[in-house]
Amino acid sequence: MLERLRLRLRALLSPRAMERELDEELRYHLDQEIARQVARGMTPEAATAAARRAFGNTTQIREQVRDSWGRRWVERIEQDTRYALRSFRRTPVFSVGVVATIALALGLNTTAFTIFDAYVLRPIAVRDPGSLFQLSLIDRRGTRNDFTWTDFEALQTSHEAFDQSFAFHTLFARVDSAPAFGQLVTGNYFTVLGVGATLGRTLIPADAVPGAPPALVLSHATWRSRFGGDSAILGKIIRVRGRPLRVVGVAAPGFGGLGDVPLDFWASLSLYDDLVDGDSLLSSRHPAPVSIVARLQPGVTAKQGEAWLTSWLRSRHADAPERERPVGGVLNSRATATPLSPELVLFFAPLAAAFILVLLIACADVANMMLARGLARQRELGIRLSLGAGRRRLVAQLLTESVLLAVPAALIGFVLSRLTVDAGVRFMFATIPAEVAPIMHVVPLKPDSRIFLFMLVAAVGSALLFGLAPALQATKPNIVQASRGDFDTDFRPQRLRNALVIGQITVCVLLLICAGILLRDGGRLKRLDIGLDTHGIVRLDLQERPGARERALAVLRDRPDVQLIAAASDPPFGRRFPTVTAVDSNQHAHQLFYDFVTASYFAALRVPITRGRGFIDEEERSGAPVAIVSAGTARALWPGRDPIGQTIRLTLDPATAAHDPLASRRTARVVGIVPDVALGTIIDPFDSPVVYYPIAATAPGTALLARVVGNTGETMRRIDTDLTQRAPASIEDIHTLDAYAAVGLYPFQAAYWIAGALGVIALLLTLAGIYGVLSYVVAQRGRELGVRLAIGATPREVTRLILAQSLRLAGIGLGIGTVLALGVARLFAANIVGLSTFEPAAFAGGAMLVLLSSALAGYLPARRAGRLDPIEALRAE
Amino acid sequence: MPKKTPKIDLLQGTLDLIVLKLLRAGPANGWQLTQSIQAISRGVLDVNYGSLYPALRRLEARGWVTASWAASENNRRARFYQLTAAGRRQLDAERAAWERFAEALGLILAAD
């Protein structure tokens, strides 16, 4: 067995040595035969001749021996490759055209895959990322929750399912007056993850002891970008939310924490109470939540871990009232930046589909080019088939040519993708609102082995896609004709060619219509009358320390460029408004959004009070049980009646009623009505019912909104400087409200740009395809057209003939594409709120664009057909 | 001159059987094998040299013989083939198959 393998290997690796051996063996035999004949009495020459004759055809012997070595297939590939390269050199235009087309499409797809890989496939640079899972508690409402500190301590004592675990809290904070993302972690964080430090040390359990000197570890990337890679960083004091922490180390390069936002720093969780306002970690009644990540014991699967967690949680909270008892536990993988979940796949499927469709268009283009080439090689292939070449062999050879074209295309595509990724990131940073740029952290988009594998698979896949059908078509032997001496193969590619062109046009129409829909919706969202005037508003988020709010307010009130100061617990363009249940007079329950605002809120955002009055200062201060409702609420609760003076009765969850800020407003009297306006997120429908309750600007938990004069951005910066000087460490964040709006719209814009770019590329590829096919048709039908011209057809009629063919294909493609687009648009609308499905302008625009372009692409070859000289055409063969 | 008995063409399968049997007696090179075949069959079977070497290589590829270079009787380097254990088993199997075939053929020829 081993011997056989050795033989095979040797035959593969050193065929020449084997040949030499065979030669020697055969020569020995020959010499012996000659010697025998000489011994019989022949002359040496006659003996040699006789021996040679007896021996037979050495070439044939050699070939048969070679067969047994099993090197046939290697030699075939060598042969095919050399043949293919020769033919490429003969038709450079064809070769370059194919490589360029496929390179473009593969480059695009590699770009998309690079981003997908960086977020979803690349394991995080920690020890054994596959065993790390974030734990969540599922409550009765089905929401995922984090745990309390006591939960974490209890978890650490049992090791059945989980080997090690750490707790953390993510925060977005001002670090030395610049925004940063960081985590407060338990002392074993770095040890559990197996991440070291390049400078100094990482956090250790000693840092987590209460009273230990506050330590900070920077991420490598932040150390380089924000601190210039300063080697004297150790020991430096850095202020996080105004608190001083000492830098004790810089983490290893390439590590930015778990999750999809790269972190800037880590500090001990014991500093939580100092840095985060609100409930304390150790508060008995309402402790602050912490996130937990745990490592599964070797041999334990995620399902088993989940089951254990569920039973552990249930037994732990067995004494709690039914309402508060957790239903179960869930594990979420933290192996990659963004775990692969069904929702993620559903979300990105359409995008991936669009990119793949462009690749398919490119392959169709190349397939048509190959078909044209097949036509030219009919004779050659026909002769080879007639001489006995196996069809499989010929197809293999043609496929080798396809693969040899696809591989350089993949390499060029890779270079293109690097350039595109680079340009894309730069473009993104250039187009997002200037205020957001410093907080944008992108996971590094570097090439790795997975990307190369993807490219290889994509290249070979494309080669098969564009090469197989033409190869099969081109090698259909035509026995009957061959017997007559006409060696051309039975090659009638019209149907395939037309099908390819129709397919291209269909995809093109689809992409362009989708781009059009996104454009219209994006534009509509931008110009939407949201009912608020958010220009000229600066939003300030304050640090919740004693006196910080008063100091900030004092500074703001002092400034002449601040016209109005308002506050809201949920300002516009922030998170989704919270909801509460209210009952109307018929005991029907309604879900209402709610917000706590100051009296000046409506004036600051220029929202008119259509009936009744606004809040008064006294009501603000005392938190009186009054309310202002939106028109939508009035319609829902008191249709047809005057809402002023009515009472809103809330249904509160008794379990949480104690801490609920709404507790004192359980019944509130309506004093005013405002129109429907935009809510927290842009895509929530406007006419959702909202109720506003009064709150004072000095109350904690609200963000300040200041209406300013002059250029909002500049004024904002001036306010920032002023506050840093006169009320240091009072604000956490300051931005213009427009920046928030722009960030909310950005994903739509990005989607539109991508769809538009893909649509344009698809259109160009399709047009090139139409042009190529029609040119070839004209060349092929030269004789027929010449005859037509000769017997009296006008050039215009011939032109129209060719043009009609192009338009007919375009028409069919248009029809199918529009129907598909309708279906796709409906799919979109089901998933994304706020998108209108039937945008007539988008459909009409897309269809028109493709129709006109197809006509144009077909026009030039058609004109050439009309200009044919009938004599020349008839003479040509 | 005595009338030459017509030479019988050898089928591929039988050549394998012959070579395996001859190698059972001991290692031999290609030349020696052709001489043995002629001698033992009393001149009836004359191997086409063109089929012998491919056959030997085939046997080698199947693992039924191994080959090595050694000095022949006139001190020249020659490639000697040797039967392996698997080859021995194959020889027994093919011999049995041949005998069954010969018996069956005999029965058919003897039937009237």
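Residues numbered from 1 in each chain as written. Chains lettered and ligands numbered in written order. Predicted model: local features only at pLDDT ≥ 70, side-chain atom pairs only at ≥ 80, totals over all residues. Heavy atoms only, no water.

A word on the sheet that holds strand E2 (residues 65-71) of chain B
Now for step 1: Within the open sheet, the three strands sit side by side as E1-E3-E2 (chain B). Their pairing is antiparallel. Edge strands, defined here as strands with exactly one partner in the open sheet, are strand E1 (28-29) and E2 of chain B. (Pairing = 2+ DSSP bridges. Helix = DSSP H or I, 4+ residues; strand = E, 2+ residues; numbered from the N terminus.)

A closer look at the packing of helix H13 (residues 378-386) of chain A against helix H14 (residues 391-431) of chain A
Each pair of packed helices can be described by the angle between their axes along with the distance between the axes.
All names here are of chain A.
Now for step 1: Put simply, H13 and H14 touch, their axes get as near as 10 Å, and they point 145° apart. Once H13 is placed against H14, the crossing between them reads as right-handed. Listed contacts from H14 to Leu381, Arg384 and Leu385 of H13 are Arg391, Leu394, Gln397 and Leu398.
Now for step 2: Residue composition of the contact of H13 with H14, grouped by class: four nonpolar, one polar and two charged. (Axes fitted to C-alpha atoms, helices over the stretch in contact; angles between N-to-C directions. Left-handed = near helix turned anticlockwise from the far one by under 90°. Contact = heavy atoms within 4.5 Å. Nonpolar A, V, L, I, M, F, W, Y, C, P; charged D, E, K, R; others polar.)

Observations concerning the confidence of the model for chain B
Now for step 1: Averaged over every residue, the pLDDT of chain B is 83; the share at 70 or more is 88%.
Now for step 2: The complex model carries a pTM of 0.74, and its ipTM stands at 0.82. (pLDDT = per-residue confidence, 0-100.)

With respect to the interface of chain A and chain B
Interface size is commonly expressed as the accessible surface area that is lost when the partners come together.
Now for step 1: Of the residues lining the interface, 21 residues belong to chain A; the matching set on chain B comes to 27 residues.
Now for step 2: With both sides pooled, the region where chain A packs onto chain B buries about 2,300 Å², and carbon together with sulfur makes up 56% of that total.
Now for step 3: If you sort the residues of chain A by the area they bury against chain B, Glu25, Tyr28 and His29 of chain A come out on top, with a joint share of 30%.
Now for step 4: Here chain A is connected to chain B by five salt bridges.
Now for step 5: In this structure, Arg79 of chain B and Glu21 of chain A form a salt bridge, with 3.8 Å as the shortest nitrogen-oxygen distance.
Now for step 6: At the boundary of chain A and chain B, one finds eight residue pairs in polar contact (both at pLDDT 80 or more).
Now for step 7: Sorting the residues of the side of chain A that touches chain B by element identifies helix H1 (2-13), helix H2 (15-40), helix H3 (44-55) and helix H4 (58-69) of chain A as the ones contributing at least two each.
Now for step 8: No other element matches the 11 residues that H2 of chain A contributes to the side of chain A that touches chain B. (Buried area = accessible area lost by both parts, 1.4 Å probe. Salt bridge = Lys/Arg side-chain N within 4 Å of Asp/Glu carboxyl O. Polar contact = N/O pair within 3.5 Å; in protein donor to acceptor, adjacent residues only side chain to side chain.)

Focus: the pattern of salt bridges
Residues and elements named next belong to chain A.
Now for step 1: Following the criterion strictly, the structure yields 31 salt bridges over all chains and no others.
Now for step 2: Close ionic contact of Asp448 with Arg122 constitutes a salt bridge, the shortest N to O distance being 3.3 Å. In this pair, Asp448 is assigned in the loop between H14 and helix H15 (449-474) and Arg122 in the loop between helix H6 (92-121) and strand E1 (132-138), connecting sequence segments 326 residues apart.
Now for step 3: Asp448 gets classed as buried once you look at its relative accessible area, which sits at 16%.
Now for step 4: The residue Asp448 makes a salt bridge to Arg450 at a minimum N-O spacing of 2.9 Å.
Now for step 5: A relative accessible area of 26% means that Arg450 is categorised as partly exposed. (Buried < 20%, exposed > 50% of the residue type's maximum accessible area, 1.4 Å probe, protein only.)

Overview of the environment of Val175 of chain A
All names here are of chain A.
Now for step 1: Its location among the elements puts Val175 in strand E3 (residues 162-175).
Now for step 2: Residue Val175 is classed as buried on the basis of its relative accessible area, which comes to 5%.
Now for step 3: The spacing of Val175 and Ser622 is 447 residues in sequence and 36 Å in space, taken between C-alpha atoms.
Now for step 4: Discounting chain neighbours no more than four positions away, the residues touching Val175 are Ala180, Arg226, Ile238, Arg239, Val240 and Phe265.

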